[in-house]
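Listed here are the chains, written in short residue letters.
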Amino acid sequence: MTQVRPTPGASASLWERDEELAAVERALDALCADESSSGSLLVVRGEAGLGKTALLAETRRIAEARGCTVWSARGSETLSSVPFNVVRQLLQPALLSLMPEEAREYLGDWYDIAGPALGITEPGERQADPQGVCDGLVAAVRRLARRDWPLVLLVDDAHWADQETLRWLAAFAERLAEQSVLVMVARRPGETAGDGARHLDAVAAAGSSVATLSALTPQATAGLTRATLGPHADAPFCREVWAVTGGNPYETVELLAKVHDSEYEPTEAAAGELRALNRAARGGGLVARLETLGIEATRFAWAAAILGTGICVDLVAELATMSPDEAVRCAELLRTARILTESDPAGGRPDGGELQFVHPLIATAVYNSIPDALRTAMHGIAARVVTDHGHGAAVAARHLLEVHPDDDEELVEQLREAAREHLAVGAPDAARRCLERALLEPPLPDVHPRVLHELGRATLLTAPATTIDHLQTALAMPGLVGDERVDAVCRLSQALLHNDQLEEAVRTVEAEAARHPAGPAKLRLQAVQFMWEGIHAGEATSPGRSARLAELARTCTGRDNPERALLILRGFDAMARGESAEEVAELCDRSLVNGRLAPGLGWTDPEWGIELPMMLASAYAYTDRLDRAEALYNEALRAYESAGWSGGHLALAHAYVGLGLRRRGRLREAEASLRKSLALAERVGRRLPLHWSATCNLVDTLLARGHVDQAWQIAEQYGFAPPYPSTIVLPDPRSVRGRLLLAVGHTEDGINELEAAEKAAAVRGHHNPVLVPWAVDLTRALANADPARAARLATEARRHAERLGTDTAIGEALRCAAALETGQRAVRLAEQAVAYLEASPCQYEHAAARIEYGIAARSAAELRRGIALAQTCGADGLVLRAETALAAGVV
């Protein structure tokens with residue numbers, strides 16, 4: 001049964017909170033018992049004033065009494081637009097207590113990624129990846145938790161936390177099992193919407209305990225009243241306290257403090273005064289009470305509410321235009337009136353503030369009491385004050401966002417600088433808000449298109465449709481010229497691509513290229529056009545594209561990046577079309593500088609993007625140059641991990657590393673890498689090309705391993721089925737799905753899917769039998785039902801394989817031909833397949849060919865050699881087939 005009185009020494013707001021405190025005690029018991037124990041998360045929900053803050057304060061007291069390290073932070077209604085505000089409060093004090101060398105040692109590779117977001121180091125020159133920064137913050141807590149165990153994290157008013165903090169908190173909650181930390185989050189219900197609400201729901205879903213606080217009962221209110229005013233408080237007076245406050249603990253405490261200050265006797269005769277006293281404690285009554293302290297104290301309180309954070313007496317004095325002595329006097333008046341209080345050093349606030357509001361309700365009431373025009377003007381002054389004190393454009397931007405538009409050229413430049421700072425620490429949403437506000441000023445005519453260009457770059461990865469509007473508007477205005485205009489056109493085409501408007505992306509760069517004379521700019525636009533056409537999975541958007549690309553690349557020597565890009569595109573196109581592998585490799589080699597990607601074409605270079613080096617590596621992968629392909633794929637993985645890019649780029653890197661391992665025949669490692677890719681791709685979103693890449697390659701690898709049920713489960717779970725994406729996925733998803741359908745016994749559907757793959761490949765002119773491997777599977781599927789057609793397909797596959805000229809392609813074509821034959825002809829073809837695939841770098845195909853040869857030749861020795869190879873690859877299905885053949889006595 002719930003007790004009425006709180007524990008001795010606890011806050012009055014803790015009455016009737018025994019169950020919540022018991023949950024805290026249990027969580028602390030588990031945390032302190034074992035350094036390797038899993039973390040836990042407690043969520044406390046309740047309306048304003050129901051005691052959430054008091055519960056967190058009591059948790060701190062109990063935890064510290066047990067020897068725990070406690071870090072805390074608090075959201076603020078007026079600071080919710082400041083990126084990383086709450087997570088900085090939480091982590092920055094602990095990191096600033098370390099020497100820079102120590103902080104770098106604890107955070108390791110994450111120092112340069114998460115450090116700028118936490119404000120402990122300067123950001124790099126490039127735009128930070130938001131997902132990478134989020135993961136870096138998760139890693140930062142994990143590493144610091146090992147140093148400071150047992151660690152307790154307290155987050156108050158999470159409904160007012162900034163989006164970046166909420167994203168981190170949701171990610172941290174998902175991985176809490178990996179770290180021994182107790183997290184306690186307090187929030188109001190229904191105060192957030194959109195992404196913020198989604199993140200808070202994810203936090204609640206991960207919570208080991210979710211408590212919803214209720215108001216005090218009349219019995220508890222009476223107990224609290226008598227504990228505060230004396231046991232002689234009579235029952236009618238106590239009932240009126242409950243009726244006036246509704247059992248709200250904060251209002252009850254404030255009301256009883258005013259009864260005490262007014263020296264009223266707690267009897268029925270004084271009960272009639274309670275409503276007037278309660279009105280003075282909140283809303284308009286609080287404002288009226290503030291005004292009784294004098295105009296100077298009111299100005300001080302207003303200035304403190306405008307600042308919201310970092311409330312220092314000297315800073316408030318400057319904003320309120322008063323002398324330091326007057327400011328000190330006003331601060332004391334407001335402390336006495338229970339409006340402001342000294343900052344709690346134990347709270348670990350990093351903003352250097354000396355003061356804070358007693359309660360968020362008071363801060364909100366004071367802020368809203370400032371006349372609108374004056375509030376706007378004060379924000380403008382605050383922006384100058386914080387800038388003069390060295391806090392930077394990003395800090396000032398919070399105030400600039402509140403200023404009315406007024407054709408202020410300087411304000412536009414400040415907001416552009418703030419946007420650059422936000423992007424550098426991984427806060428694109430904050431950058432977007434700054435640039436959108438700059439447009440309202442508005443900028444000067446020659447600056448306006450540049451702001452739109454910058455806004456388009458800021459929203460490219462998060463809102464491609466919005467980016468399209470911004471960049472199209474910018475390009476329609478005078479002002480963007482030269483390289484800046486070319487960059488805007490290329491980024492517009494990228495946004496169109498991401499928005500599944502590939503044909504419009506092609507037309508956009510094609511039209512812009514026509515406006516330019518011969519030179520680097522025109523060549524870059526042509527290369528981008530060919531790139532988008534090259535990854536289009538549907539019908540060719542430009543007739544004669546391959547011939548024109550070949551003609552253009554023929555004159556390229558690789559002297560600059562546009563020429564190198566064209567060489568890569570020509571190499572990829574030739575590989576996909578099944579042209580000579582030697583010529584493909586020669587084209588690709590000419591695009592490199594000393595065997596490496598040229599500066600400006602690297603994995604993290606923004607000008608050309610990820611598509612170009614991926615096409616280069618894949619051209620090598622599907623022409624048996626696996627060493628070169630794997631070197632590039634692994635370089636991508638290292639580059640993205642080092643730069644902290646853990647969103648879509650890292651998902652693709654893992655997918656292509658998995659593809660390389662699959663081609664090599666290292667199937668176990670391929671599966672592990674592809675599962676990582678799929679987990680990352682899930683965080684970015686389904687039905688995107690990167691998600692298709694991860695899923696398609698994982699299904700293909702599981703089929704190679706012989707894990708058919710798992711492959712089908714992945715396909716069903718992640719939607720690996722038509723409609724297919726408009727961009728190319730490697731290997732061809734129709735071919736892989738057709739093989740899957742055959743493997744699970746859906747023969748007719750599998751044949752239909754493979755025939756669709758055949759038609760799609762013919763339209764695109766893609767005849768590389770390894771890249772689009774429909775022919776081998778369709779031939780085998782038709783061997784009994786339509787042997788004549790199967791024979792024609794096998795002959796055609798052999799012709800395409802010999803044109804490509806790789807050992808893998810020819811060996812696979814011979815395996816296919818052998819499957820249609822019997823007797824000594826089947827043995828000879830199988831033996832030839834083994835010879836070619838033994839020279840191939842693709843060990844899985846070699847193992848399959850050797851087992852098929854062993855069965856055809858009835859050779860136990862060949863079967864055992866095949867089993868050894870298959871076991872090395874992790875191809876359990878091949879091992880089972882060979883062992884079954886041995887057991888059946890076919891030799």
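The text that follows walks through the structure, step by step, so that each part is easy to find. Remember, it's a predicted structure, so these values are computed and weren't measured experimentally.

### Section: the overall build of the protein chain
Helices and strands together make up the secondary structure of the protein chain, namely 44 helices and 7 strands. Each principal axis of the C-alpha distribution contributes one length, and for the protein chain these read about 115 × 70 × 50 Å. Within the protein chain, the proportion of its 891 residues that are buried is 57%. Contacts in the protein chain between residues at least 24 apart in sequence constitute 67% of all its contacts with a sequence separation of at least 6. Summing over all exposed atoms, the protein chain offers an accessible surface of approximately 35,800 Å²; the carbon and sulfur share of this is 51%. Here the protein chain carries 91 positive and 121 negative side-chain charges, and the mean point of each set is 6 Å from the other.

### Some remarks on the nonpolar core
Core analysis: the biggest nonpolar cluster contains 191 residues, and F300, I339, F357, W532, Y633, V699 and W774 have the highest contact counts within it. Those residues within four positions of Y633 in sequence are excluded, and the remaining contacts are M614, A617, S618, A621, Y656, V657, L659 and G660. Grouped together as the second largest cluster of nonpolar side chains are 52 residues, V87, L107, W110 and A140 included.

### A look at the sheet that holds strand β4 (residues 181–187)
Here 5 strands make up an open sheet; going across it, the order is β2-β3-β4-β1-β5 and the pairing parallel. A single partner strand is all that each edge strand has here, and the edge strands are β2 (69–74) and β5 (209–212). Each strand axis lies, on average, 15° off the axis of its neighbour in the sheet, ignoring direction. Bridge count between β2 and strand β3 (residues 151–156): 6 bridges; the pairing is parallel. Within β3, the residue paired with T69 across the bridge is L151.

### A look at the pairing of β3
A large share of β3 lies buried, amounting to 6 of its 6 residues. Where burial is concerned, the two faces of β3 agree: the one with L151, L153 and V155 and the one with V152, L154 and D156 are both buried. Note that β3 and β4 share 5 bridges and pair parallel. Note on β4: the bridge partner recorded for V155 is V185. Regarding the hand of the β-α-β motif, the stretch spanning β3, helix α7 (residues 163–174) and β4 is right-handed.

### Here's the deal with the packing of aromatic side chains
Applying the stated criterion across every chain, the model contains 5 aromatic pairs. Seen from their ring centres, W168 and F172 are 5.4 Å apart, and the 25° between their planes marks the pair as stacked. Linking W168 with F172, this pair stays in helix α7, spanning 4 residues, or about one helical turn. A residue is classified by how much of its surface remains accessible, and W168, at 1% relative accessible area, is buried. Among the aromatic residues, those joined into a ring-pair cluster are W692, F720 and Y724. The ring of Y367 is capped by R375, whose NZ or CZ atom sits 5.3 Å from the centre of that ring.

### Observations regarding the environment of V316
With respect to the element layout, V316 can be found in helix α15 (residues 313–319). The exposure class of V316 is buried, given its relative accessible area of 0%. Apart from the residues within four sequence positions on either side, V316 is in contact with F300, A303, A304, L307 and I311.

### Observations regarding the packing of helix α14 (residues 295–307) against helix α18 (residues 372–388)
Direction vectors running N to C along α14 and α18 enclose 65°, while the axes themselves pass 10 Å from each other. Looking at the two axes, α14 sits roughly perpendicular to α18. The hand of the α14/α18 crossing is right-handed. When α14 is examined against α18, the residues W302, A303, I306 and L307 are found in contact with a partner set consisting of L374, R375, M378, H379, A382 and V386.

### Things to note about the pattern of salt bridges
Applying the stated rule across the entire model yields 65 salt bridges. When the shortest N-O distance is used, the salt bridge between E64 and R60 registers 2.9 Å. Highlighted residues: E64 and R60, both in helix α2 (residues 52–65), separated by 4 residues, approximately one helical turn. Within the structure, one salt-bridge network assembled from shared partners comprises E533, R545, R570, D573, R577 and E579.

### Re helix α37 (residues 747–764)
A rise of 1.5 Å per residue sets the reference length of α37, with its 18 residues, at 26 Å; its end C-alpha atoms lie 26 Å apart and thus fit the reference within 8%. Within the sequence span of α37, burial applies to G750, I751, E753, L754, A757, A761 and R764. Each buried residue of α37 sits inside an arc of 160° when the element is viewed along its axis, so together they form one side. The exposed set on the far side of α37, more than 90 degrees from its buried face, consists of E748 and K759. In this structure, the buried residues of α37 make contact with α26 (520–534), α28 (561–577), α36 (733–743) and α38 (774–782). Immediately downstream of α37, the backbone of G765 shows phi near 75°, a positive value.

What counts, and at which threshold
- Numbering of residues starts from 1 in every chain and runs along the sequence as written.
- Only residues with pLDDT of 70 or above have their local features reported here, since the model is predicted, and side-chain atom pairs are shown and tallied only from 80 upward, although totals for entire chains, interfaces and linings are computed over all residues.
- The basis for every side-chain value is the complete set of non-hydrogen atoms in the structure, without hydrogens or water.
- Helix and strand definitions follow DSSP, with helices as H or I runs of at least four residues and strands as E runs of at least two, each counted in order from the N terminus.
- Classification of residues uses two cut-offs on accessible area relative to the type maximum, computed with a 1.4 Å probe and protein chains only: under 20% is buried, over 50% is exposed, and between them is partly exposed.
- Whether two residues are in contact is decided by their heavy atoms, any of which lying within 4.5 Å being enough.
- Each accessible area is a Shrake-Rupley result for a 1.4 Å probe, and residues are judged covered by the shown protein chains and nothing else.
- His is not counted, nor are the chain ends; Lys and Arg add positive charge and Asp and Glu add negative charge.
- Charge placement uses NZ in Lys and CZ in Arg. For Asp and Glu, CG and CD serve respectively.
- Definition of nonpolar core: a set of buried residues of the types Ala, Val, Leu, Ile, Met, Phe, Trp, Tyr and Cys, connected through side-chain atoms within 4.5 Å.
- Whether two strands pair comes down to DSSP finding at least two bridges between them.
- Interaxial angles span 0 to 180 degrees and are taken between N-to-C directions of axes, which are lines fitted to C-alpha atoms, for helices over the stretch in contact.
- By definition, the crossover connecting two strands over a helix is right-handed if that path, from the first strand to the second, turns clockwise as seen with the strands pointing away from the viewer.
- Classification of ring pairs rests on two measures: the distance between centres of Phe, Tyr or Trp rings, Trp counted by its six-membered ring, which must be within 6.5 Å, and the angle between planes, read as stacked under 30 degrees, edge-to-face over 60 and tilted in between.
- By definition, being over a ring means that NZ of Lys or CZ of Arg is both within 6 Å of the ring centre and within 35 degrees of the ring normal.
- Angles below 35 degrees are treated as roughly parallel, those above 145 as roughly antiparallel, those between 65 and 115 as roughly perpendicular, and all remaining angles as oblique.
- The sense of a crossing depends on the near helix, which, turned anticlockwise from the far helix by less than a right angle, makes the crossing left-handed and, turned clockwise, makes it right-handed.
- One side-chain nitrogen of Lys or Arg within 4 Å of one carboxyl oxygen of Asp or Glu is enough to make a salt bridge.
- A helix is expected to span 1.5 Å multiplied by its residue count minus one.
- What the arc covers is the set of directions going from the helix axis to the C-beta atoms.

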